[in-house]
Amino acid sequence: MTTAYADKARILRSLHTPSAPLRLANAWDVASARVIEAAGAPAIATTSAGVAWSLGSPDGDALARDRALDLVARIAAAVTVPVTADIEGGYGTDDAGVADTVAGVIEAGAVGVNIEDGARPPAEFAKRLAAARRTADRAGADLFLNARTDTFLRGLGDPDTRLKDTLDRAHRYVDAGADGIFVPGVTDPATVAALAAAIPVPLNIMAGPGAPDVAVLGSLGVARVSLGSGVAQSAYAAARRAADELFGSGGYSALADAMDFQELDTLLSSPC
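Residues numbered from 1 in each chain as written. Predicted model: local features only at pLDDT ≥ 70, side-chain atom pairs only at ≥ 80, totals over all residues. Heavy atoms only, no water.

Participant: In this structure, what is going on with the side chain of Arg162? I would like to understand it.
Facilitator: Position of Arg162 among the secondary structure elements: in helix 7 (residues 162–175). There is no salt bridge for the buried Arg162, and the closest opposite charge comes from Asp158, which lies 6.5 Å off by N-O distance. One polar contact links the side chain of Arg162 to the main-chain carbonyl oxygen of Gly155, over a distance of 3.2 Å. Excluding its chain neighbours within four sequence positions, the residues that come into contact with Arg162 are Thr151, Phe152, Gly155, Leu156 and Gly157. (Helix = DSSP H or I, 4+ residues; strand = E, 2+ residues; numbered from the N terminus. Buried < 20%, exposed > 50% of the residue type's maximum accessible area, 1.4 Å probe, protein only. Lys, Arg positive; Asp, Glu negative; His and termini not counted. Salt bridge = Lys/Arg side-chain N within 4 Å of Asp/Glu carboxyl O. Polar contact = N/O pair within 3.5 Å; in protein donor to acceptor, adjacent residues only side chain to side chain. Contact = heavy atoms within 4.5 Å.)

Participant: Even after reading the chapter, I still don't get the sheet that holds strand 1 (residues 22–24), so can you show me in this structure?
Facilitator: Sheets are built from strands paired through backbone hydrogen bonds, the pairs being either parallel or antiparallel. Strand order in the open sheet formed by 8 strands is 1-8-7-6-5-4-3-2, with parallel pairing between adjacent strands. If you trace the sheet from one side to the other, it starts and ends with strand 1 and strand 2 (44–45), each paired once. Direction of pairing for strand 1 relative to strand 8 (residues 224–226): parallel, over a ladder of 3 bridges. Residue pairing in the sheet places Leu24 in a bridge with Ser226 of strand 8. (Pairing = 2+ DSSP bridges.)

Participant: Honestly, a nonpolar patch on the surface in this entry has me stumped. Any pointers?
Facilitator: The grouping of Leu246, Phe247, Tyr252 and Leu255 at the surface amounts to a nonpolar patch, some 510 Å² of accessible area in total. Its place among the elements puts Tyr252 in the loop between helix 10 (230–247) and helix 11 (261–269). (Patch = residues over 30% accessible without salt bridge, like charges linked within 9 Å, V, L, I, M, F, W, Y side chains within 5 Å. Areas by Shrake-Rupley, 256 points an atom, 1.4 Å probe, with all protein chains shown as cover.)

Participant: Got a minute to help me understand empty space enclosed by the protein in this structure?
Facilitator: Left-over empty space is what a probe sized like a water molecule reveals as it rolls over the atoms. Per the counting criterion, the structure on display carries 1 cavity of 30 Å³ or more. In this structure, the largest cavity is lined by Thr46, Ser48, Val51, Leu63, Ala68, Leu69, Leu71, Val72, Asp86, Ile87 and Tyr91. At the level of elements, helix 3 (48–54) and helix 4 (65–78) are the ones that each hand at least two residues to the lining of the largest cavity. Partitioned by chemical class, the residues of the lining of the largest cavity number 8 nonpolar, 2 polar and 1 charged. (1 Å grid on protein atoms, 1.4 Å probe; cavity = no way out; pocket = protein on both sides within 12 Å on 5 of 7 lines; lining within 4 Å. Points joined across faces, edges and corners; volume = space filled by probe spheres on them. Nonpolar A, V, L, I, M, F, W, Y, C, P; charged D, E, K, R; others polar.)

Participant: What should I look at first to understand the pattern of salt bridges in this one?
Facilitator: In a structure, side chains of opposite charge can pair up when their charged atoms sit close to one another. This model, assessed by the stated rule, comprises 13 salt bridges. Here Arg148 and Asp150 are joined by a salt bridge, their closest N and O atoms 2.6 Å apart. The network of salt bridges with shared partners includes Arg13, Arg133, Asp137, Asp142 and Asp179.

Participant: Is there a simple way to explain helix 1 (residues 3–14) in this structure?
Facilitator: Along an α-helix, residues three or four positions apart point the same way, because every turn accommodates 3.6 residues. Spanning 12 residues, helix 1 covers 16 Å between terminal C-alpha atoms, matching the ideal 16 Å at 1.5 Å per step. Those residues of helix 1 that are buried are in contact with strand 1, strand 3 (83–86), helix 5 (95–108), strand 4 (112–116) and strand 5 (144–148). (Expected span 1.5 Å × (residues − 1).)

Participant: How should the layout of surface pockets be read in this particular structure?
Facilitator: As a volume, the largest pocket reaches approximately 590 Å³. Taken together, 19 residues form the lining of the largest pocket, with Ala235, Ala238, Asp257, Ala258 and Met259 sitting closest to its centre. Among the elements that take part in the lining of the largest pocket, helix 10 stands out by supplying 6 residues, more than any other. The residue makeup of the lining of the largest pocket, split by class, is 16 nonpolar, 1 polar and 2 charged. Quantified by volume, the second largest pocket comes out at close to 340 Å³. Taken together, 23 residues form the lining of the second largest pocket, with Thr47, Arg148, Met206, Gly228 and Ser229 sitting closest to its centre. Mapped by element, the contributors of at least two residues to the lining of the second largest pocket are helix 3, strand 3, strand 7 (203–206), strand 8 and helix 10. Here the lining of the second largest pocket is composed, by residue class, of 7 nonpolar, 12 polar and 4 charged.

Participant: Whenever I open this one, the packing of helix 2 (residues 30–38) against helix 11 confuses me. Can you help?
Facilitator: Helix packing for two helices is described by the angle between their axes and how far apart those axes are. Running from amino to carboxyl end, helix 2 crosses helix 11 at an angle of 100°, the nearest separation of the two axes being 10 Å. Judged by the inter-axis angle, helix 2 sits roughly perpendicular to helix 11. Listed contacts from helix 11 to Val30, Ala31, Arg34, Val35 and Ala38 of helix 2 are Leu264, Leu267 and Leu268. (Axes fitted to C-alpha atoms, helices over the stretch in contact; angles between N-to-C directions. Parallel < 35°, antiparallel > 145°, perpendicular 65-115°, else oblique.)

Right, dumping it as structure tokens:
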């Protein structure tokens, strides 16, 4: 690994702290990554859903691996801060396929990955995580491996035992090599605090309207706060509002809050 890669990997790890949680406004293309970096982001995370939509695919492991990796490489080359890539379930049919994806992510310049269990059995997902860890270790890459569990997001299992199931999965995933645990779909303070107290690695929560602010989440023990696909969804909502108005009343007021052309053009013109 190059010194620059190692430095970015070290920086990404250092940013995971409840005293000042890592804030991630997830990007989906080079322009969004540059805009987010210019706003002061200490790191860039991609959103797999946003990436897939921008490339004409639905979310859910439908995007071809090479297209996903190409986008990661483009973003990593366009920004100066560390990049962590959302690779859904690993873009592979088995743990060997996930290992190939992780090798590609490292080659693309990302120093972190986010992998989700979805509906997979925890034991099967743990094998994917272990394969990702081995791949990074063999490459000499201090890759931050963030393991996402969808128990709350998808409403998996019995609601009465969901917290316990989530913690059981989290500990299994940490044993397999995960550096962080991502639990989207939950923001109520009591549950978040229980998760943070019982998980021995940094906890990542997905936030949005109605969720506690970053400072409150940090006080509960959260070390990383992501917006997921929310920023991309908001951008597409802006496009729809403008189109609805144009094809409806024939007006243009939806464009009033647009980003300045010269500012955006300059961001994409200047070297990273």
